Structures are given as structure tokens and as C-alpha cells.
Amino acid sequence: MKETLGEGKIIFISSPSPRRLFVDRSLPSAAPQGPLPAGPGLPEGGTAGVGKGQRAAPPRGWIQPSSLSVGSLETPFRRKGAGQRRGSHLRGGGHRSRGGVRGPPADGISALRGRGVCVCDRGEPEGESGSTSPPKSPRPLLPARPVSPPGSRPRRQLSPREPGGKDADGRSEAHAKVWHLYNDHFRPTQKGKVSIALSSHWIKPQRMTEKNIKECQKSLDFVLGWFAKPIFIDGDYPESMRSNLSSLLPEFSEVEKKYIKGTADFFALSFGATLSFQLLDSHMKFQQLESISLRQLLYWISSEYNNPQIFIVENSWFVSGSTKRDDAKYIYYLKKFIMETLKAIRYDGVNVFGYTVWSLLDGFEWHRGYSIRRGLFYVDFQSHDKKLIPKSSVLFYQKLIEKNGFPPLPENQPIEGIFPCGFAWGIVDNYIQVDTTPTQFLDSNVYVWDVHQTKKLIKVDGVFTSRRKRHCVDFAAIRLQISLLQEMHVTHFHFSLKWSLILPLGNLSLVNHTLVHYYQCFASELLRANITPVVALWQPMPENQELPVSLAKYGAWENPETVQAFVEYAKFCFMSLGGHVKFWITMNEPPVKNLTYTAGHNLLKAHAKAWHLYDKEFRRSQKGKISIALQADWVEPACPFSRNDQEVADRILEFDIGWLAEPIFGNGDYPQVMRAWLHRRNSVDLYNFHLPYFSEDEKKLIRGSFDFFALSHYTTTLVGWEKEDALKYDHYLEVQMINDITWLHSPSRAAVVPWGLRKLLKWVKSKYGDVPIYVMANGIDDGHNMVHDKLRVYYIENYINEALKAYTLDNVNLQGYFVYSFNDRTAPKYGLYSYVANQYEPKPSMKHYREIIDNNGFPGPETPELLCPEEIASCPECHFFRTRKSLLAFISFIFVAFIVTIFFIIYYSKKVERRYK
């Protein structure tokens, strides 16, 4: 480490374990010095990413914590002696019930005053998040009941079923004697510090009841308070232990209490060792839930033991024993623990002055044997020389130490600026609310009101009135939806037609004219409100893929006949709605995860034929534009320093996006990466996945069948090549899905990663050129109890700001942004309007989005004013007159001439009459 912890030395009362002896024999004399390789995309010695202005692009894969304080951190540790600024708005305000556990708010982060000292020690996490355990060893390497190694610090928990207090009493006195020995004879000359290192877990109640909270307090008392309370508080055991163990717990005399009390210069904590994550003795949980929240444990220690100085002497996670150098899982847990330490310091006022990672290198993991690894350096236990090879976590930890934490990254800082004139601000509703119930004015029957008996209307048989023509005002549901859209101030509204309802039989033999009229009315009313309709011809749904039953029954998109059926359906829609709709999407978010290669092949041909149909027969008269909308979530390599992970990420992007994008926006054929990978898999394994070939005519038909690039983006995922979790491993593509637990997540566990959108937009531009791009859908779910809608407010603001960076800094030709979704009635938990008791209520996120629309972005004091010409509200009736200006001028001339002629006739008639009189 580059800095020491003050002027003195630090001594722990703990003897070397067998593992530490192994470290002593194998450890080089010093850790590698000097700069390590920067890794792919990471400039050596610089900060990763792009900030304001024309800075360099962010490195691919560098770990970038979110800038939102409630879920992540962007701040460095404080240097020793520096003042500590606390974020009072997020400061932990936890309370404690009588006998309960104190704890800070669930989220919050930042600053240490000194560097950690690398003190390697032992520890056994049993399972991830207290639930999932790594694979067990083939056979137990130690007795079934764990026993502490000779000379190590106390490891065995005191069970309520057995006495064991005398051993603890002796250890406490032994520690106290050593502390007094050092304090009386060595401290004046050596100026060091002495403490005892204690392991602990964190526990949370199964239900928030007073009883469960007391049980949590008892669990911490039995595991940590057993030694901590005598030393840091009053020289005696916790009251919960006294009341539960009665005579089994030995008594301290008053002299012993005074002798033991205060015999620690700081609180040395081990979190993630034997006691953490899953207690070996399940009785110590007292039927409560174990948690990996280091922050809350730190806050509890600070509150319980009078805010002592805390030095985290052991903290870590683990990876599978088969994992070699790219230990992404280890990196993200390490990142989480260090971030929680920073949060405890900055927001909760906890006095933490040091942090130590466990461990330096892989070793024997007690009852787990060699089935898991925890080292920063990889050791091949089968080799003769046991050479140490640095893992990706070494590079991550080194960069973290160099920066003394997580300083704000330029690319995570919001920028000021506005979007261009004519930028499309939209909202999405996959399927609009369709209510074709006829109004009373369309009923031709005659009724009599029975005011004396039934008090009801009685239809008069055989008597009818004349029917009148249907009008758009007859659909009450349309007026309500239009008024909500006007309240939002959007300029575009994106929705999908229902192919299965418009043409129930899949052809023109049966047409639902009522539904078509409803869509016509809806589009025309949008135009009257100066909102541009964006209409998708087909939107896949779980049931029958939203295809007519006759087509879904006979193979759906696997059947080539579906291609021609789609073209006929598209032509009908262009003819029926083209007068009102100028912005078409052929297919919205084709489900690439569930499509076969044959189905995708036919889908591309159907899109291309529909595009050429519109281009040849309708574009000149309707003057619209048409393209396909693809779902495009960003994929990031899990290890930012791994070429293998980068290759995996590139491969997934080609399979998820390039599969359908490359034939249309690229060279007319599938990505070469896909063909090469499938050839390899089919030749090595038993797979037989055939990627069809296009003829030259089909390539010409598909290539260039677009007017813009429309994409839907929701989140970012991490991928790696090392198999770690079988449940999240894709054997077909040989990819491991990994979760960065420091990212913000929605209730459905969708990660909030705003910078992923900017990277995606840059990727599209670099791959397919300066094509106009529309973000056709971008949104996140919320929970029923999220009254203030804070997560979506943060999501919308930061994703739009990243889109602004792509437009301003990266020169991406971005022309529109649409939020998903309109309301909770059609898309539960995703709407900007809630729907309760047949009423629509705007959420705070809707008002925030409206404010961004009104400002056309994020203008600042120095942002130049953009004068945009007023757009003329368009309507279908106006189109008739605008295209016949010469005729209108002639009619106007005739009308004026007629008025003048009439005027002169009247004038001279009166003049003649006066003359005769």
C-alpha cells in the first residue's frame, strides 16, 4: 500500500492459521509494483470514460458505478486527516426498538481517511446472499462439526444447548492481559495499536415484528457481542446471553470487568469469513434471515459500541473452483462491499479507517476444500511450482487503490444541452384501449319510458328511426386517451395494430370494419391534437404471437405463406390508415430469443416486401416513412480487462441485434460471426442449427429496406466466458450471465444502467453508418408501494441525458425518444399514468418527463436559445386543401369577383332609383 495507517503499528490477537503458513511459504517478497497493463479499452493512468465536452470515449467494460447516491457511489475515500463531508439528506437515520437492532436506511456512500492494510486471514462464506451455496467438496475434508485451528482466534459459536462460557472467559482474559502488557511496556516506545479481530454476520427479521427484531439482536449478541460487549462496553456479556444461558455463562468479578473493559484500540471486524453469509451453527440465526449487508452491520457496531474506530481486517466473496483468471463474480461482490463501506462512512457517520481484502491467493478453504477460490492470485494446485497468476480482480483492486475509492467518472456526469428542432418526444402503448361500444345515438330503435311500474326503457317493436353515419365522437374512449396525451405534451404516440382482430381469418375475406374505423378515428384525433401517430403493423404477444389463428395454427412465421399474408395485411392497412399515418413500423420488437432461424428468415422477407410495397405504391401520395423496430439491450463484458469476455459480448450483440439488423442495414446477409459460430457448434457438438441463405435477389430485396433505425432499449447485461453459475449459463453460445449487484435494480430485477444506451447508440452508428435513429421504447417497472415513483424519475432523466450525450458529443443522428409506457392499464407497473378504480392518475415521472419535453432537453445558463419554427397543426381535412392550392386560388378569385359584382349591381340599382325619384 502507498500509505500507512497513522504513525503506529497495528497488532491483532490472532495466531497464524495453516493457510497463512502456506501464504508465508509461497508469497513473493512484495506485491507487484509499478503500473499493471491497462487492459482492453482502459487507458493506463487515466480515468475511464467520457465526460463533458469532447473527451475520450469510455473504456469498454470498465466498472462504472451509477451516479445515483441511493444505490451506488461515485466518490473517493478521504485521505488521512481530511475533513469528512456527510450527505445529510441520505444520512442513516435508523432507530432501535427496545432490545432491537439498529440499522441505517437500505441504501445510500463514501470516504475513508486512510488506506487499508493487506492483512490476509481466513473465512468461509457458505452461500451467496445467504441462500445459494457453491458446490460441495466430493467428501468432507474436516470433521462434520467444524473445529477452530490450533492457535486461531475464537471461531466456535456458543450454542444455547451447551455450556462453553469458561473457554470464552479465558480467551477474553488472555486478550486483556496481552493488551495490558503491550499498553504498559511497549506502547510508549513502539507507538502501536492492539485489538482483537472478531467475525460477524448481519441478520434481518423475517417479519418486522418486535419479537423478530429482538431475535436479530440476540443473534448478533451471541455471535459478535459475546466478545465485543465485554471489551468495548462494560466488561460483561450481553444481557440476552445472560437471560438465555443463565448459569451456563460464567460470571466476571468487578475487578475482571474493569480489567477487560476498554482493552481494544479499535474494532477489528471480519465480515465474509467463517461466520458470515451462512452460519455454521444454524441456531445462531434464531430463525431469522441472514444478509450480506456490510453497511448495516457497520452502522449497528457504531451504534452499539459507542462509535469505535473500525478496521475491516477480512472481507471477500468467492468463485467456483473451476474459475481461473476472469473472476467477474468476485469483482462485483468486492465492489459491493467497498461501496457499502463508503456509504457507511459518508452517510451514516461510521468511523471506518481501513479495509482489507481476503485473500491474496487461492488456498485450501477448510470444509470446502478446493471447490471454491477466494484469492486475488490464481494458483494451479495441480502444477509443481504453484505459480501465482494475477486475476482480473487484481487489476480492479489496484485501480481502486490508485483512485482511493470511486471518484466521479466524467462519463457519469450529466451534461447540459438541448435536442434539435423537430425532435420526436413520444410515449408508447403497445395496444391502445379499444372500446367500440356504440353510443345511444347510433341506436335506431324507439323506446318508451315506463315511469309508473318498471321505471325502465321499453323497446317499441316494429318502430325504427333512420340510421345516421358513424362519427369519431361516438367513441368516448378515444377522447379520454387523447386528453391524457395532450396533458403529457408529447409530439408522437406509438401503438400497435392487432392483426388477429383486423383480419381474423388472415385474409381479406373477413374484415373487422368497426375496429378499422376505430383506428382511423384514433389516428385522426391524434392529428387534430398535433400528435403524430406512429403505428406498428405487428407486435408479438405470448398468445399466438398476435397472428390470426389460421396462420398461427399452421406454423406461424415458420410457414412461408405467412410472408404473403403479412404483405396483403400491410397493403390493407396502408390503404385504410395511410391518409392519417405517416410513420410506420412493420414489426415491433421481434422476439429474437424465441425465434427459430427459419422464422427469422421469413420475417425479414416479409418486412422487406412490405417496405417495397409502401415505397412503390404509397410513399408518393402519402409521403410517409417506414422501417422495423428491434429490441436492443446493451451487452457489456463482465471483466473489463478480459479479451475473452469482450469476444463473448461482441458475439451476443451480433446474435441479439445483428441477426435481423445486418441484412437490412448492412450487407443483406447475416453476420459472419453468426455463421462462423454455428458452423463451429454444429461440427463439434450434436447441434444442428441451420442458418438459411438468401439468394442474390433476396439480398437486394432486404438490403436498404429502411428509412430509419428504430430500437427499443431497456437495460444492460454483463456477460463472461468463465462458467460460474449453471442456472445463468448459456451452453449454446457459451456465455455466462453475470449480475453487478451494485447497480440499481427495479422490482423485476432489471438493471438501471443509463450509460448502456449511449454505448448502444455509438455501436449502431459505428456499425451501420449515420442512419437516423429513434429510441422507440425505453422504460422500467415500478412497485405498487412506490408512491413517489423515484426510480422511474431517475431512470428517465439519466437515460435521456445519455441520449443527449450521444447526440451532442458522439454526433449520433438521434431524432426521437419514446418512453415506455403510457399507462398501467395496458402495461402494468410500466405506465406514467396509474390506473385505479377506472381512473387515470399521473405519476411524478410523467410530470418530470413533461418538464424535459417542454425544455427540449436539459438547457443550462450557457445553452444557446434554439428558435424553432411553429409547426402547423395537421389534420386529414387540411391535406385536401394543401395539395390543391391552385384550385383554391381560382375559387377564391371567383368568389371575390362575385362579391364585387353583387356590390356594384346593388350600388347602381339604388343610384338609378334615386335618379327616377
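Check the entry above for the structure.
Note that the structure is predicted; figures quoted are calculated from it, not measured. (Residues numbered from 1 in each chain as written. Predicted model: local features only at pLDDT ≥ 70, side-chain atom pairs only at ≥ 80, totals over all residues. Heavy atoms only, no water.)

**Q** Would you take a moment to explain the overall build of the chain for this structure?
**A** When helices and strands are counted, the chain shows 24 helices and 34 strands. Across the 917 residues in the chain, those meeting the buried criterion constitute 54%. (Helix = DSSP H or I, 4+ residues; strand = E, 2+ residues; numbered from the N terminus. Buried < 20%, exposed > 50% of the residue type's maximum accessible area, 1.4 Å probe, protein only.)

**Q** Teacher, can you tell me more about the nonpolar core here?
**A** Inside soluble globular proteins, nonpolar side chains tend to come together where they are buried. Core analysis: the largest hydrophobic core is formed by 223 residues, its most contacted members being L497, W584 and Y849. Among the elements that make up this core, the one with the highest residue count is helix 8 (residues 328-348) (twelve residues). Every residue in contact with L497, bar those within four places of it in the chain, is listed here: Y431, I502, Y519, V535, A536, L537, Y569, C573, L577 and W584. A197, F266, A268 and F353 belong to the second-largest nonpolar core, a separate cluster that totals six residues. (Core = buried A, V, L, I, M, F, W, Y, C linked by side-chain atoms within 4.5 Å. Contact = heavy atoms within 4.5 Å.)

**Q** Is there a simple way to explain the state of the cysteines in this structure?
**A** Linking two cysteines covalently via their sulfur atoms produces the bond known as a disulfide. All told, the structure shown has two disulfides when counted by the stated rule. Each sulfur in the disulfide pair C421 and C868 lies 1.9 Å from the other. The sign of the -90 degrees torsion about the S-S bond sets the C421-C868 disulfide as left-handed. You can see C421 sitting in the loop between strand 15 (417-418) and strand 16 (424-429) and its partner C868 sitting in the loop between strand 34 (857-858) and helix 23 (876-882), a full 447 residues away along the chain. Its relative accessible area of 37% is what places C868 among the partly exposed residues. (Disulfide = S-S within 2.5 Å.)

**Q** Whenever I open this one, helix 18 (residues 672-684) confuses me. Can you help?
**A** Count 3.6 residues to each turn of an α-helix, and residues three or four apart come out pointing the same way. If you check helix 18, its first and last C-alpha atoms are 18 Å apart, about what 13 residues at 1.5 Å a residue would give, namely 18 Å. All of the buried residues along helix 18 are M674, R675, W677, L678 and R681. Looking straight down helix 18, one finds its buried side chains confined to an arc of 170 degrees; they lie on one side. Exposed residues pointing more than 90 degrees away from the buried face of helix 18 are listed as Q672, H679, S683 and V684. On the buried face of helix 18, the contacting elements are helix 15 (597-617) and helix 17 (643-665). (Expected span 1.5 Å × (residues − 1). Arc of directions from axis to C-beta.)

**Q** I would appreciate a short explanation of helix 7 (residues 294-304) in the present structure.
**A** Within helix 7, eleven of the eleven residues are buried, which leaves the element mostly enclosed by the surrounding structure. Listing the buried residues of helix 7 in full gives L294, R295, Q296, L297, L298, Y299, W300, I301, S302, S303 and E304. Following helix 7 by one or two positions, N306 has its phi on the positive side, about 65 degrees.

**Q** Please explain the sheet that holds strand 19 (residues 492-496) as it appears in this structure.
**A** The strands making up a sheet associate through hydrogen bonds between their backbones, and the pairing can be parallel or antiparallel. Pairing is parallel around the closed barrel formed by eight strands, whose spatial order is 16-19-20-21-22-24-30-31. Sheet twist, expressed as the average angle between the axes of neighbouring strands with direction ignored, equals 25 degrees. Strand direction decides the pairing type here: strand 22 (residues 625-631) and strand 24 (residues 709-712), joined by three bridges, are parallel. Paired with Q631 across the two strands is S712, which belongs to strand 24. Contacts from helix 15 reach strand 20 (532-538), strand 21 (583-588) and strand 22 within the one sheet, and its direction differs from that of strand 22 by about 160 degrees. Packing of helix 22 (residues 844-855) onto the sheet brings it into contact with strand 16 and strand 31 (814-820), and relative to strand 16 it is tilted by some 155 degrees. (Pairing = 2+ DSSP bridges. Axes fitted to C-alpha atoms, helices over the stretch in contact; angles between N-to-C directions.)

**Q** Explain the environment of P390 here, please?
**A** Note on placement: P390 falls in strand 13 (residues 388-390). Considering only alpha carbons, one finds P390 and L361, 29 residues apart in sequence, at a separation of 8.8 Å. Apart from the residues lying within four places of it in its own chain, the contact partners of P390 are R325, L376 and F377.

**Q** Teacher, can you tell me more about the sheet that holds strand 4 (residues 197-200) here?
**A** If you walk across this open sheet you meet the four strands as 4-6-8-10, and the pairing is parallel. Bordering the open sheet on either side are strand 4 and strand 10 (352-355), each of which pairs with just one other strand. Sheet twist, expressed as the mean angle between neighbouring strand axes with direction ignored, is 30 degrees. Direction of pairing for strand 6 (residues 267-271) relative to strand 8 (residues 310-315): parallel, over a ladder of five bridges. Within strand 8, the residue paired with L269 across the bridge is I312. Across the face of the sheet, helix 4 (residues 210-234) comes into contact with strand 4 and strand 6 while running at roughly 155 degrees to strand 4. Against the sheet, helix 7 touches strand 4, strand 6, strand 8 and strand 10, its axis set at about 155 degrees to strand 6.

**Q** For this particular structure, what's the right way to read the packing of aromatic side chains?
**A** What describes a pair of aromatic rings is the distance from one ring centre to the other and the angle between the planes of the rings. Enumeration over the complete set of coordinates arrives at 60 aromatic pairs. Ring geometry for W226 versus F227: centroids 4.9 Å apart, planes at 45 degrees, classification tilted. Judged on exposure class, the residue W226 and its partner F227 are both buried. Arranged with centres 5.9 Å apart and planes meeting at 25 degrees, the rings of F709 and Y768 form a pair that is stacked. Remark: Y768 occurs in helix 20 (residues 755-768) and F709 occurs in strand 24; sequence separation between them is 59 residues. Per residue, the accessibility class of F709 equals that of Y768, and both read buried. Taken together, the aromatic side chains of F419, F423, W425, Y807, Y817 and Y849 make up a single cluster linked through ring pairs. (Phe/Tyr/Trp six-rings, centres within 6.5 Å; stacked < 30°, edge-to-face > 60°.)

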